[in-house]
Amino acid sequence: MSPAVGFLSPWLLLGLLAAIIPLALHLLAKSRAQEAQFPTLRFLKLSMHRTSRRRRIQHLGLMALRMLLLALLAVAVAEPFSRPAGGWTPRQGAAAVLVLDNSLSMAAAGKDEATSFARAKTQALALLNLEKEVRPAKAAVVAAVPFDDDEAPLTDRLDLLRARIEKLPLAHRGASAGRILSEAADLLADPLAQRTVYLFTDLQRASFENIDQMRLAAGGAGLSLMIIDAGNANVTNVGVSGVSVQGKCIVDHQVEVTANLKNYSPMEKTVEVSLLVNGVLASGPVAATLAPAGGEGSQADCKFGYSFTQEGPANIEVAIETPDDLMEDNSRRLALNIGGRVEALVVGDGGDGKQPLMEAAAVVGIALEPLGEDAPRWHINAGKVESAAISPQALAGKDIVFLCDVPSVAPAQAQALRDYVQAGGWAVFFLGPRVDVENYNAALGAILPGVIGPAVGEIGFSAEGQSVAAVDVRHGFFKDLFPNESDYLGVVVQRYYPLTPSAQARGLVHLKNSQPLIVEGVAGGGKVVLVATDASPLWSSLPKSGLFLPMVLRMSLLARQGGDGSNVDHICGSQVRIVPGFADSRAPEVDVVVDMPGAGRQTVKARASNEGMSAVFSQTADVGFYQWQARNGDVEAAGCFAVNPDAREGDLERVSQDRIREMLSASGFEHVHIGQSVQDVHSQAAIAAEPRNWWGLLSTIAVVVLVLETLVANMFRKPEGDFPR
């Protein structure tokens with residue numbers, strides 16, 4: 001490494017010996033003052049002693065100025081120079097690490113249609129193609145986002161380095177400049193060699209976040225950092241930053257697909273957005289206008305309604321069709337598992353037949369199938385049986401059972417209902433005039449969310465009733481039904497059964513007298529809902545209110561096992577947990593075969609644990625849909641999941657060069673050069689490393705000292721008539 005200080009003509013430093021000449025002359029010229037006896041001049045003698053001491057100090061100062069003057073002249077003519085310690089200069093034997101930013105933002109294309117990543121590769125290859133005296137003798141090529149074969153030792157094989165640059169893939173996630181620069185510095189461990197890190201990047205602000213908190217290891221001192229700005233200025237981009245599905249993902253039930261759009265451009269943008277299901281256009285395109293980045297209206301939600309017609313895996317994708325400078329974030333995907341229709345069972349006995357549509361079971365049946373039993377497409381399949389038919393066979397495969405004014409249950413029927421609820425089923429009891437309270441409390445008390453008391457209240461036009469005073473509007477049965485809470489309170493109940501809820505029960509609707517009207521409780525894996533009044537309009541106005549129909553439908557949808565879709569946003573490079581869902585697996589592990597986008601295939605092991613059998617899949621470098629299959633004996637399972645790019649990479653805002661230098665300086669980098677090409681940073685580094693000649697400064701100081709010496713000498717000149725010492 002070059003010395004920090006040197007001399008162009010070091011032999012002229014012999015001139016420093018001339019600095020002793022003033023000292024020698026001072027010693028030779030030194031003489032004692034002659035004494036003269038003047039007894040009567042006692043006071044004059046005291047004055048002469050003081051003058052002698054002052055002149056001695058003045059002569060010593062003058063001698064020092066003359067010695068300094070001669071020393072400065074000797075050093076100046078030797079032409080001293082200095083250069084920054086560790087500065088970069090072209091030389092053989094240098095080592096370098098080439099860091100290529102392969103994060104998603106590097107896919108942005110400029111007006112010349114060349115991506116930042118392509119520019120970075122071109123500049124990296126140009127570095128390796130320089131003359132032997134300039135290019136590094138040994139180098140390593142490192143990806144900012146690691147990929148499969150990310151072994152990158154230092155080598156002098158230019159062909160291997162070029163091949164690695166050519167095959168380096170673009171990742172679909174972000175990179176941390178601080179992390180990769182620290183790793184690159186660790187590769188350059190030899191402190192005797194000239195060490196340089198080349199970073200080819202687009203200066204994206206997100207990549208340089210918190211870089212000032214990075215600290216170089218002790219061996220990183222003296223590194224030169226060359227940053228080649230391969231980015232495109234003035235790019236425009238609108239991206240899909242998120243996709244979610246609201247609603248139960250079951251056959252023939254409409255869900256709402258919401259896509260969040262973000263404008264990262266400095267101007268207003270209008271884009272067209274479409275919804276694709278299983279690769280086929282399902283809705284759109286619709287236009288969305290977004291304000292400039294950072295302002296109000298720069299984000300917007302685009303909503304689509306869709307009903308699935310088949311069970312099983314479904315792939316949805318929201319895509320921006322309007323092209324921009326970063327196409328990779330113009331779409332986002334979700335994988336859904338579409339469940340079948342809700343299987344509901346209505347249990348109730350017929351009345352006298354005079355008013356069949358007023359019977360409780362009939363009212364609930366109409367609410368479950370408001371379009372009629374012959375409707376071509378509806379998401380609930382409602383069966384009907386009388387109370388005598390309650391059995392394990394009748395309950396099998398049902399998601400929810402509505403027991404409408406069932407008088408009583410036999411022990412076997414009670415056991416069947418208890419087993420059904422404990423296994424995960426839902427049971428809703430509408431308590432009507434034929435209910436045997438004692439039978440219910442005794443036979444079903446283990447699953448009921450409270451104790452039922454004798455019915456109270458009178459019915460009729462002149463009878464008084466209790467109005468509903470409170471509704472739990474946060475509960476899924478009632479959430480967002482009406483804009484105002486007061487709109488929920490129009491129900492009047494004339495006759496009902498007082499309920500004493502259990503400690504774990506949740507009261508959903510209360511009357512004005514504080515009595516609960518609807519209570520919900522958990523029993524095993526299922527739920528039980530007690531409605532303290534009849535489903536018939538003879539006891540209350542509930543069936544005729546705006547609460548009843550949506551409440552019954554929501555009960556059914558919430559009871560449906562599965563069909564919840566998948567709002568999990570898997571990002572490239574993240575791990576995905578696959579749950580085959582085998583209820584009983586005697587094998588310690590099961591093979592899960594995953595078909596990846598691009599026809600690749602990987603097999604992972606699903607292993608049993610306390611939380612069930614699951615597998616972890618980590619080969620998620622590609623964007624798209626992944627299909628998986630597993631077999632446990634004769635039982636097969638299949639599913640899919642989606643992998644999306646990192647949405648933060650859509651923000652192409654750049655950080656200024658001055659800010660980068662400031663942050664890197666705080667991190668320990670002493671020599672940082674930023675330019676548009678390798679030639680630019682080399683030129684900057686060469687200028688910064690040029691030696692500085694101090695001849696001119698020292699000559700100037702010598703002239704100043706000479707002037708000062710002249711002034712001092714004139715001040716000390718002995719005036720005429722001065723007494724000798």
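Quick notes on the overall build of the protein chain
Here's step 1: For the protein chain, the helix and strand inventory stands at 13 helices and 33 strands.
Here's step 2: Taken across its 725 residues, the protein chain has 46% of its residues classed as buried.
Here's step 3: If you take every contact in the protein chain between residues at least 6 apart in sequence, the share linking residues at least 24 apart comes to 74%.
Here's step 4: Element-wise, carbon and sulfur atoms account for 54% of the exposed surface of the protein chain, whose accessible area totals about 36,300 Å².

Considerations on the sheet that holds strand β24 (residues 526–531)
Here's step 1: Taken in spatial order, the 9 strands make up an open sheet running β15-β14-β16-β17-β24-β23-β22-β19-β20, and their pairing is mixed. Looking at the sheet topology across the chains shown, the edges are occupied by β15 (380–385) and β20 (492–493).
Here's step 2: Where strand β16 (residues 400–404) lies against strand β17 (residues 426–430), 5 bridges are found, and the strand directions are parallel. Looking at β17, one finds that Cys404 is bridged to Phe430.

Notes on a nonpolar patch on the surface
Here's step 1: On the surface, a cluster of nonpolar side chains totalling about 440 Å² of accessible area is made up of Ile20, Ile21, Leu25 and Leu28.
Here's step 2: Inspection of the secondary structure assignment puts Leu25 in helix α1 (residues 21–29).

A few points about the pattern of salt bridges
Here's step 1: Counted under the stated rule, the structure contains 20 salt bridges.
Here's step 2: A salt bridge links Lys605 to Asp591, with the nearest nitrogen and oxygen atoms 2.5 Å apart. Pair noted here: Lys605 is in strand β28 (residues 601–607) and Asp591 is in strand β27 (residues 589–595), with a separation of 14 residues, a long-range link.
Here's step 3: Between Arg631 and Glu636 there is a salt bridge, and its shortest N-O distance comes to 2.1 Å.

Some remarks on the environment of Ser502
Here's step 1: Note on placement: Ser502 falls in the loop between β21 (499–501) and β22 (506–511).
Here's step 2: A C-alpha to C-alpha distance of 8.5 Å links Ser502 and Leu448, two positions 54 residues apart in sequence.

Points about the side chain of Ser540
Here's step 1: Checked against the element boundaries, Ser540 lands in the loop between β24 and α10 (548–559).
Here's step 2: Classification of Ser540 by relative accessible area gives buried; the value is 6%.
Here's step 3: At 3.2 Å, the side chain of Ser540 forms a polar contact with the backbone nitrogen of Leu542.
Here's step 4: What Ser540 contacts, discounting residues up to four positions off in sequence, is Val492, Val493, Thr533 and Asp534.

Regarding the pairing of strand β7 (residues 238–246)
Here's step 1: Within β7, 7 of the 9 residues are buried, which leaves the element mostly enclosed by the surrounding structure.
Here's step 2: Bridge count between β7 and strand β8 (residues 254–263): 8 bridges; the pairing is antiparallel. Across the sheet, residue Gly239 finds its bridge partner in β8, namely Lys262.

A short note on α10
Here's step 1: Between its terminal C-alpha atoms α10 stretches 17 Å, which fits the 16 Å expected from 12 residues at 1.5 Å a residue.
Here's step 2: Burial within α10 is extensive, with 9 of its 12 residues counted as buried.
Here's step 3: Within α10 the residues assigned to the buried category are Phe548, Pro550, Met551, Val552, Leu553, Met555, Ser556, Leu557 and Ala559.

Concerning the nonpolar core
Here's step 1: In terms of nonpolar packing, the biggest core is built from 77 residues, with Val364, Phe402, Phe429, Phe430, Leu444, Phe478 and Phe548 touching the most fellow members.
Here's step 2: Here the element with the most residues in this core is α10; it accounts for 7 residues.
Here's step 3: When neighbours within four sequence positions are excluded, Leu444 is seen to be in contact with Val409, Ala414, Leu417, Phe429 and Asn439.

Describing helix α3 (residues 116–128)
Here's step 1: Its 13 residues give α3 an end-to-end C-alpha distance of 19 Å, which sits within 8% of 18 Å, the value for a rise of 1.5 Å per residue.
Here's step 2: Among the residues of α3, those classed as buried are Ser116, Phe117, Ala120, Lys121, Gln123, Ala124, Leu125, Leu127 and Leu128.
Here's step 3: Buried residues belonging to α3 abut β3 (95–100), α4 (158–167), β5 (195–201), β6 (224–229) and α12 (678–689).

Focus on the confidence of the model for the protein chain
Here's step 1: Residues of the protein chain with pLDDT of at least 70 account for 85%, and the chain-wide mean is 84.
Here's step 2: Here helix α2 (residues 42–77) stands out as the element of the protein chain with the lowest mean pLDDT, 68, in contrast to β17, whose mean of 96 is the highest.
Here's step 3: Note on residues 720–725: pLDDT is under 50 here. Beyond four places in sequence and across chains, it has 9 contacts.

Some details on empty space enclosed by the protein
Here's step 1: Evaluation of the coordinates by the stated rule reveals 3 cavities of 30 Å³ or more.
Here's step 2: Of the pockets and cavities examined, the largest cavity occupies roughly 80 Å³.
Here's step 3: Together, Ser105, Ala108, Ser116, Asp202, Gln204, Gly231, Asn232, Val235, Leu652 and Arg654 line the largest cavity.
Here's step 4: A per-class count over the lining of the largest cavity returns 3 nonpolar, 5 polar and 2 charged.

Description of the packing of α3 against α4
Here's step 1: Here α3 crosses α4 at 175 degrees, and the two axes come no closer than 10 Å. The pairing of α3 with α4 is recorded here as roughly antiparallel in orientation. Residues Lys121, Ala124, Leu125 and Leu128 of α3 form the contact with α4, whose own contacting residues are Leu158, Leu161, Arg162, Ile165, Glu166 and Lys167.
Here's step 2: Grouping the constituent residues of the contact of α3 with α4 by class yields 6 nonpolar, no polar and 4 charged.

Observations regarding the packing of aromatic side chains
Here's step 1: One pass over the structure, following the stated rule, counts 10 aromatic pairs.
Here's step 2: Taken together, a centroid distance of 5.8 Å and an interplanar angle of 35 degrees make the contact between Tyr497 and Trp539 tilted. Remark: Trp539 occurs in the loop between β24 and α10 and Tyr497 occurs in the loop between β20 and β21; sequence separation between them is 42 residues. Of the two residues examined, Tyr497 and Trp539, each falls in the buried class.
Here's step 3: Here the aromatic residues Trp426, Phe477 and Phe478 are joined through ring pairs into a cluster of three or more.

Regarding the packing of helix α6 (residues 360–368) against α10
Here's step 1: Closest axis-to-axis distance for the α6/α10 pair is 9 Å, and the angle between their directions is 75 degrees. By the angle between their directions, the pair α6 and α10 is classed as roughly perpendicular. In contact with Val363, Val364, Ala367 and Leu368 of α6, α10 contributes Phe548, Leu549, Val552, Leu553 and Ser556.
Here's step 2: Broken down by class, the residue content of the contact of α6 with α10 amounts to 8 nonpolar, 1 polar and no charged.

Let's talk about the side chain of Ser298
Here's step 1: Here Ser298 shows up in the loop between β10 (280–290) and β11 (299–307).
Here's step 2: At a separation of 2.9 Å, a polar atom in the side chain of Ser298 contacts the main-chain carbonyl oxygen of Gly295.
Here's step 3: Those residues in contact with Ser298 that sit more than four places away from it in its chain are Leu261, Lys262, Asn263, Leu290, Ala291, Pro292 and Ala293.

Some details on unusual backbone geometry
Here's step 1: The omega torsion across Gly284 and Pro285 is 5 degrees, close enough to zero to call that bond cis.
Here's step 2: By secondary structure assignment, the location of Pro285 is in strand β10.
Here's step 3: Look at Asp252: it is not a glycine, yet its phi comes out positive at around 65 degrees.
Here's step 4: Inspection of the secondary structure puts Asp252 in the loop between β7 and β8.
Here's step 5: Given the relative accessible area of 10%, Asp252 is considered buried.
Here's step 6: Residues other than glycine seldom take positive phi values, yet Asp480 does so here, at roughly 60 degrees.
Here's step 7: In this structure, Asp480 sits in the loop between β19 (466–471) and β20.
Here's step 8: Overall, Asp480 belongs to the exposed group, its relative accessible area being 64%.

How each quantity is defined
- Residues numbered from 1 in each chain as written.
- Predicted model: local features only at pLDDT ≥ 70, side-chain atom pairs only at ≥ 80, totals over all residues.
- Heavy atoms only, no water.
- Helix = DSSP H or I, 4+ residues; strand = E, 2+ residues; numbered from the N terminus.
- Buried < 20%, exposed > 50% of the residue type's maximum accessible area, 1.4 Å probe, protein only.
- Contact = heavy atoms within 4.5 Å.
- Areas by Shrake-Rupley, 256 points an atom, 1.4 Å probe, with all protein chains shown as cover.
- Pairing = 2+ DSSP bridges.
- Patch = residues over 30% accessible without salt bridge, like charges linked within 9 Å, V, L, I, M, F, W, Y side chains within 5 Å.
- Salt bridge = Lys/Arg side-chain N within 4 Å of Asp/Glu carboxyl O.
- Polar contact = N/O pair within 3.5 Å; in protein donor to acceptor, adjacent residues only side chain to side chain.
- Expected span 1.5 Å × (residues − 1).
- Core = buried A, V, L, I, M, F, W, Y, C linked by side-chain atoms within 4.5 Å.
- pLDDT = per-residue confidence, 0-100.
- 1 Å grid on protein atoms, 1.4 Å probe; cavity = no way out; pocket = protein on both sides within 12 Å on 5 of 7 lines; lining within 4 Å.
- Points joined across faces, edges and corners; volume = space filled by probe spheres on them.
- Nonpolar A, V, L, I, M, F, W, Y, C, P; charged D, E, K, R; others polar.
- Axes fitted to C-alpha atoms, helices over the stretch in contact; angles between N-to-C directions.
- Parallel < 35°, antiparallel > 145°, perpendicular 65-115°, else oblique.
- Phe/Tyr/Trp six-rings, centres within 6.5 Å; stacked < 30°, edge-to-face > 60°.

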